[in-house]
Amino acid sequence: MDDHHYIDEDEVLFRPIYQTSKSFYVLAAALIAVFLFGAAMYVRQFIFGLGETGMNEPVTWGFYIISFVFFIGISHAGTLISAILRLSKAEWRRPITRMAEVITGIVLMIGGLHPIIDLGRPDRILHIFERGRLQSPLLWDMTSITAYFTASTIYLYLPLIPDIALLRDRGGKFHKLYEILSWGYQGTERQKHVLEKAINILMVMVIPIAISVHTVISWIFSMTLQPGWHSTIFGPYFVVGAIFSGIAALIIVMIVFRKVFHFEDYLKKIHFNYLGTLLLVMSLLWFYFTFAEYLTTFYGHEPSEMRVFLYKFVGGYAPFFWLMVFCNFIVPVVFLSNKKLKTIPGILIASIAVVIGMWLERLIIVVPSLANPRLPFITGIYVPSLTEISLLAAATAAFILGFMGFSKLFPLISIWEIKEGREESVRMVSERLNEYLPSKGHIRKEIV
Amino acid sequence: MPRYGMVIDLDKCNQCGACVTACKLENNVQIVSKENAEMGRAMFWMKMLDTSYEGNYPDVRAVNIPALCMQCDEPSCIKVCPVRATFKRDDGIVAQIYPQCIGCRYCMANCPYTAKVFNWFKDEQPVENEKCHNIDVSVRPKGVVEKCTFCIHRLQIAKEKAKAEKRELQEDDYVPACVEVCASKAIYFGDLDDPHSKVSKAMHDYRKFTLQEELGTKPKVYYLSAKSE
Ligand code: SF4
Ligand code: SF4
């Protein structure tokens, strides 16, 4: 009886699962078409070889590696942000965590696939298991991504269980699936306790794993001798960039779903305000790292490093470089530090700029270094081919499709956490507050 | 165990490029189409690098140096390979196992001499080339990385021959194709550790230098030049 009342209260959150509009199908069909086109292009590449791409002699890595770094970077939105917010008991996290975790899951799958797309011999991928050399950063990478994927899927799944149980109790569509996935969760005290404990353990575990993932990805580059890559700050630089782009992607996803599924009552201005501030902080941090990285290069003035530096600042990649600075620094700072512009559309613009800018940053890191190798007599240019562009489009389509699919199966906002928040937040927060506020009585006694 | 190395005397080299051609034919290095070559996918195990120009316009002359895999003693390429498809043999030659390579091209990204090349397409040679196909060298499949091996197949053959004739391997039994073909005898090849070999004598010349010495990759290909770089 009581339960029924609450379900009605959060009916908006259930609605996407049970009601599908026509435009949903149209969009899905269009995205599937894009995805299939990309898949066909990949099959072509598989048959004819990597020559189908625009990569060439010194520039041996291109769009695929850029997308790999970019998508894995986005994945930090999720788990890391949701884990940090949970850990710090930020109450406003409740409607956000689920979407963040879903981003991680989907994007990790897409990003993790990219190195395989990039291989000249994907048919030999199992050699990595048979004869893998642990000394190679690529192996570290594979290990940490697999660990991250495992941890973050479980971390997505565990907080989903109570919601699946709610869906199961409603009956109807996919009843069998929900019954299996809910693991007989009934919401008893003991079950709640165990679940909470599991979530707590995971969220602590997930943070170091997430940081290690992007550090290791940066090591793929910084372990080499290439000018522009061989840098000690690449680890933290990549992590900062990853969280930066992750928050931006999260904001975009939230704004889109808020509009489409009418979540206005759950995702309020304040959520975007907080996330916007976080984005601004990350933008400043990103600028700090970028500045430090390039200033040391410039001051050292090593010839091979300088060729890459000049290539980025005034040479062939200058338009991309300055566009990146514009997107990653100027736009977010202008839009997010100004009260008048820090509206939801303003935050959306800043976030879109950041996502574009961070993609450009990956481009700026990968290509110019390869195009200007140490031996100064060989230089290269890189123009992506249709294959690479359509695979980037397919990856983006896969991301949106993944989200659309998820929204038809599970609630995009954690319903039980919202309920819990409604029932207990106020009490819990005031208890917590009382714990660290100095007591009045004590002071009075001293005075007397 | 010998330690094979090479010395290229740039003062003797007349930049004819015969070594480049000989290498290409000896090792069945793929000849790519014109469009691909323009995209920067031409495949060379040994190539002429345009290093500088001499003289004033209009009497300029390009200075090329023949460059190949430096067969580093501390190769940065093998460090990063995820599957041990490239490794250093006991005799110092950095070899490549084509059936093992997964084509990640990480080694290419980490070779400071840009010495490795990738098979972007399936090897499709012009028909005219069939006549000069070298049966001692396997044709690489698409999607793997390759590079100069100091004509390792020649070493194999020389060893077999010496064994059949029941004698030790002599210095002149094994030289790579580029050394053999060089008309001005500018390239020396042999065991660097043998103090009597021609190559180790040439190596102790005062004109000796290696490319990018500062990186600590310890190349086993040395250059001699009276003009400093
Ligand atoms: S020159 Fe390059 S490919 Fe050759 S051994 Fe050295 S690092 Fe490896
Ligand atoms: S391309 Fe081949 S040889 Fe080079 S690192 Fe990858 S697997 Fe190893």
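Quick note: structure is the one above.
Residues numbered from 1 in each chain as written. Chains lettered and ligands numbered in written order. Predicted model: local features only at pLDDT ≥ 70, side-chain atom pairs only at ≥ 80, totals over all residues. Heavy atoms only, no water.

Quick word on the site of ligand 2
Condition: Being near a molecule or strand, for a residue, comes down to having at least one heavy atom within 4 Å of it. Each residue gets one label: Ala, Val, Leu, Ile, Met, Phe, Trp, Tyr, Cys and Pro are nonpolar, Asp, Glu, Lys and Arg are charged, and the others, such as Gly, are polar.
By nearness alone, 13 residues border ligand 2, and C81(B), C101(B), C104(B), R105(B) and C107(B) come closest of all. Classifying every residue of the shell around ligand 2 gives nine nonpolar, three polar and one charged.

What to know about the pattern of salt bridges
Residues and elements named next belong to chain B. Inclusion rule: Salt bridges, as used here, are contacts in which a Lys or Arg side-chain nitrogen is within 4 Å of a carboxyl oxygen on Asp or Glu. Under the scheme used here, helices are H or I runs from DSSP no shorter than 4 residues and strands are E runs no shorter than 2 residues, and both carry numbers assigned from the N terminus. Here's how the labels work: a residue is buried when its accessible area is under 20% of the maximum for its type, exposed when over 50%, partly exposed in between, all with a 1.4 Å probe on protein chains only.
Counted under the stated rule, the structure contains 29 salt bridges over all chains. The salt bridge involving K198 is made with D172; its shortest N-O contact spans 3.6 Å. Of this pair, K198 sits in helix α7 (residues 198–203) while D172 sits in the loop between α5 (152–164) and α6 (177–181), and the two are 26 residues apart along the sequence. Looking at D172, the relative accessible area reads 56%, which means it is exposed. One salt-bridge network, in which partners are shared between bridges, spans R3, D73, K88, D193 and K220.

Observations regarding the interface of chain A and chain B
This is how the line gets drawn: By the convention used here, residues are in contact when the closest approach between their heavy atoms is within 4.5 Å. The term buried area denotes the loss of accessible surface (1.4 Å probe radius) that occurs when two parts are joined, taken as the sum for both partners.
Chain A puts 44 residues into the contact, and the matching count from chain B is 44 residues. Summed over both partners, the interface of chain A with chain B comes to about 3,600 Å²; 58% of that surface belongs to carbon and sulfur atoms. Applying the counting rule to chain A against chain B returns one salt bridge. Residues D118(A) and R105(B) are paired through a salt bridge, measuring 2.7 Å at the closest nitrogen-oxygen approach. Put simply, the parts of the chain that give the side of chain A that touches chain B at least two residues each are α3 (22–48), α7 (127–131), α8 (137–157) and α11 (189–222) of chain A. A per-class count over the side of chain A that touches chain B returns 23 nonpolar, 13 polar and eight charged.

A look at the pairing of strand β3 (residues 61–68) of chain B
All names here are of chain B. We apply this condition: Between any two strands, pairing holds if DSSP finds at least two bridges.
Counting buried residues along β3, six of its eight residues qualify, which places the element largely inside the surrounding structure. Pairing of strand β2 (residues 46–54) with β3, which is carried by eight bridges, proceeds in the antiparallel orientation. Bridging from a neighbouring strand, L49 pairs with I65 of β3. Counted along the chain from β2 to the antiparallel partner β3, the turn is six residues long, and its residue G55 has a positive phi close to 80 degrees.

Examining the environment of R105(B)
The cut-off we apply is this: Each polar contact in these results corresponds to two N or O atoms within 3.5 Å; when the atoms are within protein, one needs to be able to donate a hydrogen and the other to accept it, and residues that are neighboring in sequence are counted only if both atoms are side-chain atoms.
Positionally, R105(B) belongs in the loop between β5 (94–96) and α4 (106–109). When the C-alpha atoms of R105(B) and E146(B) are compared, they prove to be 10 Å apart, with 41 residues separating the residues in sequence. For R105(B), the residues in contact, after removing those within four places along its chain, are L50(A), M55(A), T60(A), W61(A), D118(A), G120(A), F118(B), W120(B) and V145(B). Polar side-chain contacts of R105(B) include one of 2.7 Å to the backbone oxygen of T60(A).

A closer look at the site of ligand 1
Close to ligand 1 lie C69(B), M70(B), Q71(B), C72(B), P75(B), S76(B), C77(B), V94(B), C111(B), Y113(B), K116(B) and K147(B), which account for all nearby residues. When grouped by side-chain class, the residues that make up the shell around ligand 1 number eight nonpolar, two polar and two charged.

Some words on the nonpolar core
We count it as follows: Residues grouped as a nonpolar core are buried Ala, Val, Leu, Ile, Met, Phe, Trp, Tyr and Cys residues, joined through side-chain atoms within 4.5 Å.
By size, the foremost hydrophobic cluster in this structure holds 197 residues, and its most contacted members are W61(A), M99(A), F221(A), L250(A), M6(B), F150(B) and Y223(B). The element best represented in this core is helix α12 (residues 234–261) of chain A, accounting for 17 residues. When neighbours within four sequence positions are excluded, M99(A) is seen to be in contact with L250(A), V253(A), M254(A), F257(A), F263(A), L267(A), F403(A), L412(A) and I413(A). Of all hydrophobic cores here, the second largest spans eight residues; its members include V7(B), Y188(B), V199(B) and A202(B).

Re the sheet that holds strand β10 (residues 221–224) of chain B
All names here are of chain B. Taken in spatial order, the four strands of this open sheet run β8-β1-β10-β9, and their pairing is mixed. With partners counted over all chains shown, the strands left at the sheet margins are β8 (187–191) and β9 (208–209), one partner each. The pairing of β9 with β10 spans two bridges and is classified as antiparallel. In the strand pairing of β10, F209 is matched with Y223.

Some details on the packing of helix α6 (residues 97–118) of chain A against α12(A)
Residues and elements named next belong to chain A. Here is the rule: Angular values range over 0 to 180 degrees, each being the angle between N-to-C directions of two axes fitted as lines to C-alpha atoms, with helices fitted over their stretch in contact. With respect to orientation, any angle under 35 degrees is reported as roughly parallel, any angle over 145 as roughly antiparallel, any angle of 65 to 115 as roughly perpendicular, and every other angle as oblique. By convention the crossing between two helices is left-handed if the near helix lies anticlockwise of the far one by an angle smaller than a right angle, and right-handed if it lies clockwise.
Where α6 contacts α12, the two axes come as close as 10 Å, and the packing angle between them is 120 degrees. Taken together, the axis directions place α6 and α12 in an arrangement best described as oblique. In this structure, α6 meets α12 at a crossing whose hand is right-handed. On the side of α6, the interface is formed by M99, A100 and I103, while α12 contributes A249, L250, V253, M254 and F257. Looking at side-chain class alone, the contact of α6 with α12 contains eight nonpolar, no polar and no charged residues.

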